[in-house]
Amino acid sequence: MTKTDFPPSIRSRPVYGELAYRPGSLHLMVADGEGANALVDLVARAGAEAPGLLARAHIIYMPGPNGTDLSAVVQALGAAQFHRSPSYASAELRLRKVLADARMGLQVYLAGTEGLIGQAQREAMAAGLPHDAVQTEHRGATVRRVQCVHCKGITENVRTDPFVCAHCGLTLFVRDHYSRRLAAFQGVNIDAEDPGKVPPLVERFT
Amino acid sequence: MGLTFNTETFRGDFTFHNSPAAIRRFPFPFDRDDYMYSVNMEPHVPGPKGTVFEHNFDVDEHYLSEMRDRALVLAEDPLRCQSLPHMTLAGWDLLELIMESKARDYPDLFELHKNGNRWHWINRPMQIDQSFTFLDETTLPYGPMEYITRQAQGDFTLQDQRDDNLWIEAGMVTTQADWSLDFDIGMGFHEWHAPVPKAHELGVFDRALKFLLKLQHGAPVRRFNWTMTVDPLLDTSPENYPVWGPTRAMITPGNVGSRMHLRVELQTLHRLPRSNAIAFPIRCYLIRFDELVTIPKWGRRLHRVIRDLPVELATYKGFERNRATMVDYLARFDDGAPTSPGWMPDPE
Ligand code: HEM
């Protein structure tokens, strides 16, 4: 399976590329689920640079929201540092520390689902990393992280459109409007004008 | 100047109304019989006496009631006013711009006295008398942007300029046409405009941004935006959409004249001197359909604009479901006669 191709959308919706080796003093790779394969491909494409890349690589990997766990594959790459985390939340403090310690020449590679990429990218920006030092590649589940514009609660791994807000219980439709600061899409009450008229919850993100 | 302030509400019993004088000076945004997005910007220079363009910041009969409504919104939801840490200087720039403009343009209502950095501000209508030190936040009860925009009609956003883009990084937003500052804060020009239909493809945003990046201090520009709102509700926020959304389903031929409002935003753009940020005041004017049609030219023209508006725009603006009812009502005020160019009412 290769990178996900999303249909064209509005200008706030993130777009993702394909990870490519860039010379650097430290290579921080953060991935979840099928994102593991993007790291494998990155190393394969690095060719003769692969040993040097891995010798200066710090990989943080976690299972995807669909349960895909390729920890063994990622560990087998043989990076200087490998850490398996059970979830993004449990990896966040470690990620922050690595970013805070980073010197000139840090390269960041993010791969996997939008929730992981968006949140890790937000940390990288907060740490003051230049935009072009961060590469992203989408792999695996297309489930979304969505903020309810009404109660402000964030629902992770949204599969259907509309969906029920995990916090306030309103039924929300999922917009493509995306906030990098919140690392979330926007959810808006679907039956606000006609309370009770809720269409069926259709599986749209898998 | 004899300005009397209405006592009125923008919620609950909705007692908001326009005096005959306010109707005549309403900023009707259509200078022709059809409408499409364009880079509609012109210099924000003082306009004819009595118009909403006479002064840099228009103060009208709704001033005190709008400020009361803003205080209510902020008490409910403090996230409507936010400023990222590096935007404080731009907040001071904005405070200076508003205080100097109002003290100059409305000397009987506002006074500003400066002694070095020790400033003394008097806002007579709101009964505020404040001495403070310019650029020292500890001497004001709020941050500078929040302090002054609690005393100024309209929403305000502040855009930092870097990397050839504008970034919306502070704002006081309580009278918005269905967009969320809390969600959009931190976005770039094309990102926060992402939901707008057609305009991206027309190149409107590319050209507008290019123009704004070169905006000069002392040469502000202005433009109009408009939509439709059921009842004179200033706070049509996405946050409260479940509260006000049901009113869109209540429009009937019998009540469309008294409940549907044309909502016009007079937007101005000002380069700020210290921060190099751009201030974007978004001043909202509301007028009931049955007030608006008392100006024959406006009734005729609004009928044609609404009837012929592309469906994408009517859907985006949220009135497609009521369009037929609105058009039927307005048709009664359109005799088919030609309209004169420009937005001004015809002389009586
Ligand atoms: C730099 C300050 C500006 C800010 C902060 C701003 C902000 C916004 C926001 C938040 C929206 C609503 C988008 C949504 O649906 O979520 C909007 C709509 C829009 N903006 Fe701007 N804008 C700015 C300048 C401009 C300029 C200079 C133009 C000139 C062409 C423009 C044209 C538009 C248009 C055409 C819409 C759609 C409005 C409608 O149909 O109701 N904006 N703007």
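Residues numbered from 1 in each chain as written. Chains lettered and ligands numbered in written order. Predicted model: local features only at pLDDT ≥ 70, side-chain atom pairs only at ≥ 80, totals over all residues. Heavy atoms only, no water.

### Things to note about the overall build of chain B
Across its full length, chain B holds 13 helices and ten strands. For 348 residues, the compact-globule estimate of 2.2 N^0.38 gives 20 Å, and chain B sits close to it at 20 Å. Dimensions of chain B, computed from C-alpha atoms along their principal axes, come out at roughly 60 × 45 × 40 Å. Looking at the 348 residues of chain B, the share that counts as buried comes to 60%. Total accessible area on chain B is roughly 14,200 Å²; 55% of this is exposed by carbon and sulfur atoms. Charge separation in chain B, taken as the distance between the mean sites of 37 positive and 49 negative side-chain charges, equals 4 Å. (Helix = DSSP H or I, 4+ residues; strand = E, 2+ residues; numbered from the N terminus. Rg over C-alpha atoms; globule rule 2.2 N^0.38 Å. Buried < 20%, exposed > 50% of the residue type's maximum accessible area, 1.4 Å probe, protein only. Areas by Shrake-Rupley, 256 points an atom, 1.4 Å probe, with all protein chains shown as cover. Lys, Arg positive; Asp, Glu negative; His and termini not counted. Charge placed at Lys NZ, Arg CZ, Asp CG, Glu CD.)

### Some words on the interface of chain A and chain B
Each side of the interface is counted separately: chain A has 24 residues, and chain B has 24 residues. Together chain A and chain B conceal approximately 2,100 Å² of surface at their shared face, both sides included; 55% is due to carbon and sulfur atoms. Three residues stand out in chain A for area buried against chain B, namely Arg-11, Arg-181 and Glu-193 of chain A, and they jointly supply 33% of the buried area on that side. The interface formed by chain A and chain B contains seven salt bridges. A salt bridge links Glu-191 of chain B to Arg-180 of chain A; the shortest N-O distance between them is 3.0 Å. With five residues, strand S11 (residues 184-189) of chain A is the single largest residue contributor to the side of chain A that touches chain B. Its residues assigned to classes, the side of chain A that touches chain B comprises ten nonpolar, seven polar and seven charged. (Contact = heavy atoms within 4.5 Å. Buried area = accessible area lost by both parts, 1.4 Å probe. Salt bridge = Lys/Arg side-chain N within 4 Å of Asp/Glu carboxyl O. Nonpolar A, V, L, I, M, F, W, Y, C, P; charged D, E, K, R; others polar.)

### Points about the packing of helix H11 (residues 296-308) of chain B against helix H13 (residues 323-331) of chain B
Residue and element names in this part refer to chain B. At a minimum axis separation of 9 Å, H11 and H13 run at an interaxial angle of 150°. Taken together, H11 and H13 sit at an angle that is classed as roughly antiparallel. Taken as a pair, H11 and H13 cross one another with a handedness that is left-handed. Residues Gly-299, Leu-302, His-303, Ile-306, Arg-307 and Asp-308 of H11 pack against Arg-323, Met-326, Val-327, Leu-330 and Ala-331 of H13. (Axes fitted to C-alpha atoms, helices over the stretch in contact; angles between N-to-C directions. Parallel < 35°, antiparallel > 145°, perpendicular 65-115°, else oblique. Left-handed = near helix turned anticlockwise from the far one by under 90°.)

### A word on the site of the ligand
Residue and element names in this part refer to chain B. Residues in close proximity to the ligand total 24 residues, the closest being Tyr-37, Trp-192, His-193, Tyr-316 and Lys-317. In this structure, an oxygen atom belonging to the ligand sits 3.4 Å away from a side-chain N or O atom of Asn-225. Take Lys-317: an N or O atom from its side chain is 2.8 Å from an oxygen atom of the ligand. Secondary structure elements with two or more residues in the shell around the ligand: strand S6 (155-162), helix H6 (189-192), helix H7 (204-213) and strand S8 (221-230). (Near = heavy atom within 4 Å. Polar contact = N/O pair within 3.5 Å; in protein donor to acceptor, adjacent residues only side chain to side chain.)

### So, the coordination of the iron atom of the ligand
Among protein residues, the single donor to the iron atom of the ligand is His-193 of chain B (NE2), with a metal-donor distance of 2.0 Å. Note that His-193 of chain B resides in the loop between H6 and H7. (Donors = N, O, S within 2.8 Å, 3.2 Å for Na, K, Ca; no water.)

### A look at unusual backbone geometry
Residues and elements named next belong to chain A. Look at the link from Asp-161 to Pro-162: it is a cis peptide, with omega at 0°. Inspection of the secondary structure puts Pro-162 in the loop between strand S8 (160-161) and strand S9 (163-164). With a phi angle near 55°, Ala-183 is a residue other than glycine that sits in the positive phi range. By secondary structure assignment, the location of Ala-183 is in the loop between strand S10 (171-179) and S11.

### Here we look at empty space enclosed by the protein
Residues and elements named next belong to chain B. The full count for this structure, using the stated rule, is one cavity of 30 Å³ or more. Empty space within the largest cavity amounts to approximately 140 Å³. As for the largest cavity, its lining consists of 15 residues, of which Asn-56, Phe-57, Asp-58, Gln-153 and Arg-283 are closest to the centre. Among the elements of the structure, strand S9 (260-271) and strand S10 (278-288) are those that each provide at least two residues to the lining of the largest cavity. Ranked by residue count, the leading element in the lining of the largest cavity is S10, at three residues. (1 Å grid on protein atoms, 1.4 Å probe; cavity = no way out; pocket = protein on both sides within 12 Å on 5 of 7 lines; lining within 4 Å. Points joined across faces, edges and corners; volume = space filled by probe spheres on them.)

### A closer look at the pattern of salt bridges
Going through the model one piece at a time under the given rule, you end up with 49 salt bridges over all chains. Between Asp-5 of chain A and Lys-3 of chain A there is a salt bridge; the shortest N-O distance is 3.7 Å. When its relative accessible area of 29% is taken as the criterion, Lys-3 of chain A is described as partly exposed. Across the pair Lys-198 of chain B and Glu-312 of chain B runs a salt bridge, and its minimum N-O distance is 3.7 Å. Of this pair, Lys-198 of chain B sits in the loop between H6 and H7 while Glu-312 of chain B sits in helix H12 (residues 311-316), and the two are 114 residues apart along the sequence. By sharing partners, the salt bridges in this structure join Arg-144, Asp-161, Asp-176 and Arg-204 of chain A into a single network.

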